[in-house]
Structures are given as structure tokens and as C-alpha cells.
Amino acid sequence: MKSYINKLVDYREATFDKNVVINCPQKHIEAQMKHLTRAFKKNLSVETVENGDVTVLSLESEIDKFNKPTVFVTVGGGLFNAEFEEKMIGHSVGETFEITVDGKAVKVTVKQASRTVFPEPTDEMAAKYAAEHDEFSGITTVEEYRNRIVKDYIEEQRNSCYYKAMDDILAFVLENSDWEFDEEEIEELTNEEKSFITQQLKEEGMDKTYGDLTEEEISQHLGAPSREELEKMLRNGSEQRIAVALWLATMQKIDSKTASVDDIKGDWKFLEDFVKENLTVTEE
């Protein structure tokens, strides 16, 4: 590599949240429990509207959206209007009342309301679900299923904490070290990325290269506001690839002068070990 490091900061000086408390939310448990009972759920007509109910309404208002003889609204879903839906709670089927939306009155009549009811899960349900899903193989009771849900959630969050800490340390090193980038090396990596974009365009059925893209196509297909901004993003990406490779080469005692960016493999064990030694995760 032609690029090199003028000064590499000690990654161990990076700050990150070293004490994390994880608990599995009851809502997550309840949502996962419904997998056991989904096949046994029932839709029941109800008299009083609660969160989650599906209602059939008649609406009268100066607002077009709220001026319909029949409209289906799932209360609490937020798809129709979150504020309106919240004000629906507690009203009864057959009742007519007014709700103010954007300063204007909406006359509401509740024609129908239904609720999806899930039964209490049983051991038989848990065993049946486990038999159909390999990841729960061996589970025979609701308690075992619940414990697995909590265990999997905690493990997922624990790993997420490790990855976030590693990302924070990486950002610290990249921002605070002094890199000397070679322009030819940056251009070579950037051109590789442009070739990759061209290949992606072909796979999407576009008979265009990176250089043929219009500003509108760049925004539509690549999510960048302009070619200038995209060029900056590609350059920054190339610089980051080089910096990471130089850092890894240093940690692995590889001579970066005789190695290319692709020669230096992403062995992050040193960073993983450091994070695990310094990050305390408490389960609640």
C-alpha cells in the first residue's frame, strides 16, 4: 500500500458505554407468545372500543378523509390517524359523538367493532409449535418456550452491545488518527466501487454505466442527492477502507508497504476481546 499512518491513536483510549442493563420487554414476550396461539385466535364482536380493535365507522366532516359513510379503522394502529384513533377508545357501538381533528369537528358513528382474541397458550400448543420450527426443537412446555424467547432476546441484545462498542471504537480510531492517503490508491478503490455500481445497474436491467447516470437516476437508484455528493461518499468510503486496512496491518504486524488493501483480512479478535473484557452486561 502507498498510503500510511502518521499517527495511530490507541484504540483502548476510546470511550464507550461500559455498563449496559438488558431486560426483555413484556411486549416482546407477549408478541412471541402469540405465535403459539395464532392458529386458535378468534374475532369477536365487542360493544366498547379498545386499543387494537377493528372498527367500522361513519364519518362526517369538512375534511375529505374524515367524510366517508363507511371506513374501517384499526384503533391504535396509527395508519388512519393516531390522534383520532386514540380518541376513539372507550366509545360504544351505536354511539354518535364528535372528535376534533386539525381544529375541525368530525361527527363519528361507530357501526361495528371487533377484537382479535388469543387464548391462553398451553403446553400442547408449545410442543406443536416447537415440532414445526427447528429453532425451538425439544421444547414441550409454555415455560420452556418463554425462557427461550427471553434467552434469545438477551443474547441478541448482548451481541448488539458488543457490535456498537466496536463501532464506537472504530469511529474513534478513524477520526483521531492521522492518515496519509495516496491519491492513486484512493482513485483505484473508488473506480472499483464505480465498476461494482455499473454491475448492479446491469443486474437491475439498466443498460448504463456509472458515468452515464443522470442526477435524477443517481438520486433514484443510489440515494445520493447529486453526483458531487456521491463522489464525496465514494471517496470517503475508499479512505475508510484504506485506514481500516492500515490499522489492521499494524495490529497484525503486517508490512502494509508490501500488502494491498484486499490482502489484509478483517481479523477483529483483538477488538472483540477488548470489548468483552471491558463491557459489563447485566440482565434484569
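Residues numbered from 1 in each chain as written. Predicted model: local features only at pLDDT ≥ 70, side-chain atom pairs only at ≥ 80, totals over all residues. Heavy atoms only, no water.

It is worth spelling out the pattern of salt bridges at this point. The full count for this structure, using the stated rule, is 18 salt bridges. Glu 217 is paired through a salt bridge with Lys 208; the nearest N and O atoms lie 2.7 Å apart. Residue Lys 208 is classed as partly exposed on the basis of its relative accessible area of 24%. Across the pair Asp 273 and Lys 269 runs a salt bridge, and its minimum N-O distance is 2.7 Å. Taken together, the positions of Asp 273 and Lys 269, both in helix H8 (residues 269–278) and four residues apart, correspond to about one turn of that helix. On the accessibility criterion, Asp 273 (29% relative accessible area) is partly exposed. Judged by its relative accessible area of 48%, Lys 269 falls in the partly exposed class. Members of the salt-bridge network, linked through shared partners, are Glu 50, Asp 53 and Arg 115. (Salt bridge = Lys/Arg side-chain N within 4 Å of Asp/Glu carboxyl O. Buried < 20%, exposed > 50% of the residue type's maximum accessible area, 1.4 Å probe, protein only. Helix = DSSP H or I, 4+ residues; strand = E, 2+ residues; numbered from the N terminus.)

Position of Lys 194 among the secondary structure elements: in helix H5 (residues 183–203). Beyond its immediate chain neighbours, meaning those up to four positions away, Lys 194 contacts Tyr 210, Glu 231 and Leu 234. (Contact = heavy atoms within 4.5 Å.)

The grouping of Asp 134, Glu 135, Asp 152, Glu 155 and Glu 156 at the surface amounts to a negative patch. Position of Glu 155 relative to the elements: it lies in helix H4 (residues 142–176). (Patch = residues over 30% accessible without salt bridge, like charges linked within 9 Å, V, L, I, M, F, W, Y side chains within 5 Å. Areas by Shrake-Rupley, 256 points an atom, 1.4 Å probe, with all protein chains shown as cover. Lys, Arg positive; Asp, Glu negative; His and termini not counted. Charge placed at Lys NZ, Arg CZ, Asp CG, Glu CD.)

Looking now at the environment of Met 251. Within the secondary structure, Met 251 sits in helix H7 (residues 227–251). Accessibility expressed as a relative area gives 30% for Met 251, which makes it partly exposed. For Met 251 and Thr 74, which are 177 residues apart along the polypeptide, the C-alpha to C-alpha distance reads 56 Å. For Met 251, the contacting residues outside a window of four places in its chain are Tyr 11 and Phe 270.

Further remarks concern H8. Residues of H8 that are buried include every one of Phe 270, Leu 271, Phe 274 and Val 275, and no others. Take H8 and look down its axis: the buried residues cluster within an arc of 130 degrees, on one side only. (Arc of directions from axis to C-beta.)

This next bit is on the nonpolar core. Ranked by size, the top nonpolar core spans 50 residues in total, and within it Tyr 11, Tyr 145, Ile 169, Trp 247 and Val 275 carry the most contacts. Counting only elements with at least two residues in this core, the list comes to strand S2 (19–22), helix H1 (26–37), helix H3 (123–132), H4, H5, H7 and H8. Beyond its immediate stretch of four places on either side in the chain, Tyr 11 contacts Ile 169, Val 173, Trp 247, Met 251, Phe 270, Leu 271 and Phe 274. Core analysis: the second largest hydrophobic core is formed by 19 residues, Leu 59, Phe 66, Val 73 and Ala 113 among them. (Core = buried A, V, L, I, M, F, W, Y, C linked by side-chain atoms within 4.5 Å.)

Bringing the packing of aromatic side chains into the picture now. Any pair of aromatic rings gets described here by the distance separating the centres and the angle formed by the planes. Under the counting rule described, the total for this entry stands at 13 aromatic pairs. With a centroid separation of 5.3 Å and 75 degrees between ring planes, the pair formed by Tyr 11 and Phe 270 is classed as edge-to-face. Separated by 259 residues along the polypeptide, Tyr 11 in the loop between strand S1 (4–7) and S2 and Phe 270 in helix H8 bring together distant segments of the chain. Residue class for Tyr 11 comes out buried when judged on its relative accessible area of 11%. Ring centres 5.8 Å apart and planes at 85 degrees place the aromatic pair Tyr 129 and Tyr 145 in the edge-to-face group. Of this pair, Tyr 129 sits in helix H3 while Tyr 145 sits in helix H4, and the two are 16 residues apart along the sequence. Pair check on accessibility: Tyr 129 and Tyr 145 agree, each one buried. (Phe/Tyr/Trp six-rings, centres within 6.5 Å; stacked < 30°, edge-to-face > 60°.)

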